[in-house]
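Inside the fold
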Amino acid sequence: MSAPTKPKVSEREARQVAEAAREQDWRKPSFAKELFLGRFRLDLIHPHPLPPADDVQRGEEFLAKLRDFCETKVDGAQIERDAMIPDAVIDGLKELGALGMKIDTKYGGLGLTQVYYNKALALAGSANPAIGALLSAHQSIGVPQPLKLFGTQEQKDAFLPRLARTDISAFLLTEPDVGSDPARLATTAVPDGDDYVLDGVKLWTTNGVVADLLVVMARVPKSEGHKGGITAFVVEAGSPGVTVENRNAFMGLRGLENGVTRFHQVRVPAANRIGPEGSGLKIALTTLNTGRLSLPAMCAGAGKWCLKIAREWSAVREQWGKPVAHHEAVGSKISFIAATTFALEAVLDLSSQMADENRNDIRIEAALAKLYGSEMAWLMADELVQIRGGRGFETADSLAARGERAVPAEQLLRDLRINRIFEGSTEIMHLLIAREAVDAHLAVAGDIIDPDKTLGDKARAGAQATAFYARWLPKLVTGPGQLPRSYAEFHPRGHVDLSTHLRYVERAARKLARSTFYAMSRWQGRMETKQGFLGRIVDIGAELFAMSAACVRAELLRTTGDHGREAYQLADAFCRQARIRVEELFGRLWSNTDDLDRAVVKGVLGGAYTWLEEGVIDPSGDGPWIADATPGPSERENVHRPIR
């Protein structure tokens, strides 16, 4: 059998592969999609959706067990020192049923809702983030979720009971030379009778070192009777020819069981293929629509811990005759942490509850939650380190050794950093969300800028676009945001006024949509290259979504009598902080250094500034930038260690 060759694809071909994997239709309403189109559909999120009472009871009962386990059986400092989650901890999580939180009870799982699954991840991740990552990689993107959405009944019956109680799973997509561009995927799955034969190397396989079952993305060659394309398979990790060649080590998440996995002539039954050939990327993206909510869950949990430490430390640490919290320079940081934590939890709970109800399409909401949560949690952790000063930079072990409280602030900063890269980097999330946000425009005007379309196609698209914009643009001129009594229910007697923030969101949404239209008119087919502009558009939308969620959550807490006054105050503080960021982003849409930056980059890559690099020593070791991933038998020891 000939060795697989690495696909050579153009930029256009890569975009076509990504576009084909997108979920094309919008069968359900989407609050965030409407927001980007300039339509503030508050009715889609307010009143705040609530879970059924039996879901709450089942979820709270599990959280109580998980909390007791984490408090009594998990030593986060030990995991950090040993760079490994003890087998006993993983066994205990299995006994609790934590591997099956999202798996239906008929398969032996707990059947928790997305809301309570996320609460559990936040709780477990606060004990040690590597535990949250283990559980998340297993259930959010590992084998259970794609089987739940796309698996056959036979596959569910065969694998889900194992995954609910005993077997750990991992998701394998990335390769040494393939990151966010899956069109270049080199791992192959060649049909051979009733099997497929897998060859290739996968990188950064979270849980791969300890996994029992893998969901693997591989390219099936097109042939007679085979459509071919990137396809998803369930693979037994212990199969002959599967070798975990390395356990990777990182800046943070030191307990993460992440490795390099090689497949050499691995036979996989055709019955283990998930969905039809060529549907692998669509399965992966659809899985991530809700799977991405696991990261903001742990980010919200991190915010809660940052707030606790900032409060306790700033009340006892004195400078110049008073606690540091009472100095404005520190107090503003504490206010930011408190307000942002409130908003992150609001975004998370709202998105999760909408996922549970399944009335709305939340693909943009989940992506925004991941993007916003990972960026803001990193900022909060950085501010906590600053508040703690030198003690924030010192390790917990060092603090304890000299008799002080072992606060792992620097560890949190290291652990959170990966969330801006995991499951879609910030840059990729900007592009992904931007593509969905301009979907309505491309649906009516895309053929105008498509070089492959005929003049007739372009003419028809032009007529379509004219009709669409004639109806749409006038609606962006005025709206409820300009009426002083709009959203009056968000200004109850005795509380701060949140209605003014919702009016701002409505006005800003229309301005955002107008800005997008102006940009498309100006750049047309070059719009997709304006990544700086698109990133700012998305960041504005993220802030507006977070403001909306914060206000709706505050009103929910007020009406349920649960810290309503304090919630209104936090929502007000967050919205005021967010509005400053939004105004800055709007200004940077048209006043920025994007063109100059491109010129500088051209100079850097062309060697014009190498003189600037003189005077330092590069401590990097030797070796290629990207490891060789030529298919073939493994020449390294198998470090796979399933936990039984």
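What this report covers is the structure whose coordinates are included nearby. (Residues numbered from 1 in each chain as written. Predicted model: local features only at pLDDT ≥ 70, side-chain atom pairs only at ≥ 80, totals over all residues. Heavy atoms only, no water.)

Focus on the overall build of the protein
This is how it is decided: Every helix listed is a DSSP run of H or I at least four residues long, and every strand listed is a run of E at least two residues long, numbered separately from the N terminus. Note that the radius of gyration is over C-alpha atoms, with the globule rule given as 2.2 Å times the number of residues to the power 0.38. For every residue, the accessible area obtained with a 1.4 Å probe (protein chains only) is divided by the maximum for its type, and the residue is called buried under 20%, exposed over 50%, and partly exposed between those limits. Note on definitions: a residue-residue contact is assigned when non-hydrogen atoms from the two residues lie within 4.5 Å. Two residue types count as positive, namely Lys and Arg, and two as negative, namely Asp and Glu; His and chain ends fall outside the count. Charged groups are reduced to one reference atom each: NZ for lysine, CZ for arginine, CG for aspartic acid, CD for glutamic acid.
When its secondary structure is counted, the protein shows 23 helices and ten strands. On C-alpha atoms alone, the protein measures out to a radius of gyration of 25 Å, which is about the 26 Å that the 2.2 N^0.38 rule sets for 644 residues. For the protein, the C-alpha atoms occupy an extent of roughly 75 × 75 × 65 Å along the three principal directions. Per-residue burial for the protein yields a buried fraction of 54% across its 644 residues. A separation threshold of at least 6 residues defines the contact pool for the protein, and within that pool the share at least 24 residues apart is 77%. When the 80 positive and 83 negative side-chain charges of the protein are each reduced to one mean point, those points stand 5 Å apart.

Describing the packing of aromatic side chains
We apply this condition: Side-chain rings of Phe, Tyr and Trp, where Trp is taken by its six-membered ring, are said to pair if the distance between their centres is within 6.5 Å; with planes under 30 degrees apart they count as stacked, over 60 as edge-to-face, and otherwise as tilted. Two conditions define a charge located above a ring, namely a distance within 6 Å from the ring centre to NZ of Lys or CZ of Arg, and an angle within 35 degrees of the ring normal.
Taken as a whole and assessed by the stated rule, the structure comprises 14 aromatic pairs. Taking 5.8 Å as the distance between ring centres and 20 degrees as the angle between the ring planes, the aromatic pair formed by Phe 468 and Trp 472 counts as stacked. With Phe 468 and Trp 472 both in helix α19 (residues 455–472) and four residues apart, the pair spans about one turn of that helix. There is no split in this pair, since Phe 468 and Trp 472 are both buried. Through a chain of ring-to-ring contacts, three or more aromatic side chains come together here, namely Phe 468, Tyr 469, Trp 472, Phe 517 and Tyr 518. The side chain of Arg 388 reaches across the aromatic face of Trp 313, ending 4.7 Å from its centre. The cationic tip of Arg 417 hangs over the ring face of Trp 378; the distance from NZ or CZ to the ring centre is 5.4 Å.

Description of the pairing of strand β1 (residues 169–172)
What counts is decided by this rule: Between any two strands, at least two bridges found by DSSP are needed for them to pair.
Residue alternation in β1 divides its side chains into two sets, Ser 169 and Phe 171 and Ala 170 and Leu 172, and both sets are buried. Here β1 pairs with strand β4 (residues 213–220) via four bridges, running parallel. Bridging from a neighbouring strand, Ala 170 pairs with Leu 214 of β4.

Quick notes on unusual backbone geometry
Going from His 46 to Pro 47, the amide bond is cis rather than trans, its omega being 0 degrees. Along the polypeptide, Pro 47 turns up in the loop between α2 (31–36) and α3 (53–73). Residue Trp 204 is not a glycine yet carries a positive backbone phi of 55 degrees. Tracing the backbone shows Trp 204 in strand β3 (residues 195–206).

Describing the pattern of salt bridges
To keep it simple, the criterion reads: Salt bridges are defined as contacts in which a side-chain nitrogen from Lys or Arg sits within 4 Å of a carboxyl oxygen from Asp or Glu.
This model, assessed by the stated rule, comprises 41 salt bridges. Across the pair Glu 175 and Lys 202 runs a salt bridge whose closest N-O atoms are separated by 3.0 Å. Taken together, the residues Glu 175 in the loop between β1 and β2 (188–192) and Lys 202 in strand β3 connect sequence positions 27 residues apart. For Lys 202, a relative accessible area of 0% gives the class buried. Asp 361 serves as the salt-bridge partner of Arg 363, at 2.7 Å between the closest nitrogen and oxygen. Judged by relative accessible area, which is 11%, Asp 361 ranks as buried. When salt bridges that share partners are traced, they join Lys 119, Lys 304, Glu 345, Asp 349 and Arg 553 into one network.

Overview of a nonpolar patch on the surface
Threshold: Each patch groups residues whose relative accessible area exceeds 30% and which form no salt bridge, using 9 Å between like charges and 5 Å between nonpolar side chains of Val, Leu, Ile, Met, Phe, Trp and Tyr. Only the protein chains shown count as cover for residues, with accessible areas throughout obtained via the Shrake-Rupley method and a probe of 1.4 Å.
Taken together, the side chains of Leu 596, Val 600, Val 601, Val 604, Leu 605, Tyr 609, Trp 611 and Leu 612 present a nonpolar region at the surface, about 840 Å² in accessible area. Its place among the elements puts Val 601 in helix α23 (residues 594–605).

A word on helix α9 (residues 153–165)
Which entries qualify depends on this criterion: In a helix, the anticipated span is given by 1.5 Å times the number of residues less one. One axis fitted to the seven residues ending at a residue, another fitted to the seven starting there: the angle between these axes is the bend at that residue.
For α9, which comprises 13 residues, the first-to-last C-alpha distance of 19 Å matches the rise-based estimate of 18 Å (1.5 Å per residue) to within 8%. Along its length, α9 shows its largest kink, about 35 degrees, at Phe 159, and proline Pro 161 lies within four residues downstream of that point. Looking only at α9, the buried set comprises Gln 155, Lys 156, Phe 159, Leu 160, Leu 163 and Ala 164. Tucked into the core, α9 has its buried residues touching α7 (129–141), α8 (144–150), β1, β4, β5 (229–236) and β8 (273–274).

What to know about the packing of helix α12 (residues 328–357) against helix α21 (residues 531–559)
For the record, the criterion: Axis definition: a line fitted to C-alpha atoms, over the contacting stretch in the case of helices. Angles run 0 to 180 degrees between N-to-C directions. We call two directions roughly parallel when the angle between them is under 35 degrees, roughly antiparallel when it is over 145, roughly perpendicular when it lies between 65 and 115, and oblique otherwise. When residues are grouped by polarity, Ala, Val, Leu, Ile, Met, Phe, Trp, Tyr, Cys and Pro land in nonpolar, Asp, Glu, Lys and Arg in charged, and all others, Gly among them, in polar.
Following both chains from N to C, one finds α12 and α21 inclined at 85 degrees, their axes separated by 8 Å at the closest point. Looking at the two axes, α12 sits roughly perpendicular to α21. Two secondary-structure elements touch here, α12 through Phe 342, Ala 343, Glu 345, Ala 346, Val 347, Asp 349, Leu 350 and Ser 351 and α21 through Phe 545, Ala 546, Ala 549, Ala 550, Arg 553, Ala 554 and Leu 557. When its residues are assigned to classes, the contact of α12 with α21 shows eleven nonpolar, one polar and three charged.

A look at the nonpolar core
What counts, and what does not: In this text, buried Ala, Val, Leu, Ile, Met, Phe, Trp, Tyr and Cys residues form a nonpolar core when linked through side-chain atoms within 4.5 Å.
Ranked by internal contacts, the top residues of the largest apolar core, which has 135 residues, are Leu 544 and Phe 574. At 16 residues, the largest contribution of residues to this core is made by α21. Setting aside chain neighbours within four positions, we find Phe 574 in contact with Ala 339, Thr 340, Ala 343, Tyr 372, Glu 543, Ala 546, Met 547, Ala 550 and Arg 581. Counting residues in each nonpolar core, the second largest holds 23 residues, with Ile 103, Tyr 107, Ile 141 and Phe 171 among its members.

Notes on the side chain of Arg 581
In this structure, Arg 581 sits in helix α22 (residues 564–590). Under the relative-accessibility criterion, Arg 581 is labelled buried at 19%. Those residues in contact with Arg 581 that sit more than four places away from it in its chain are Phe 336, Tyr 372, Met 376, Glu 543 and Phe 574.

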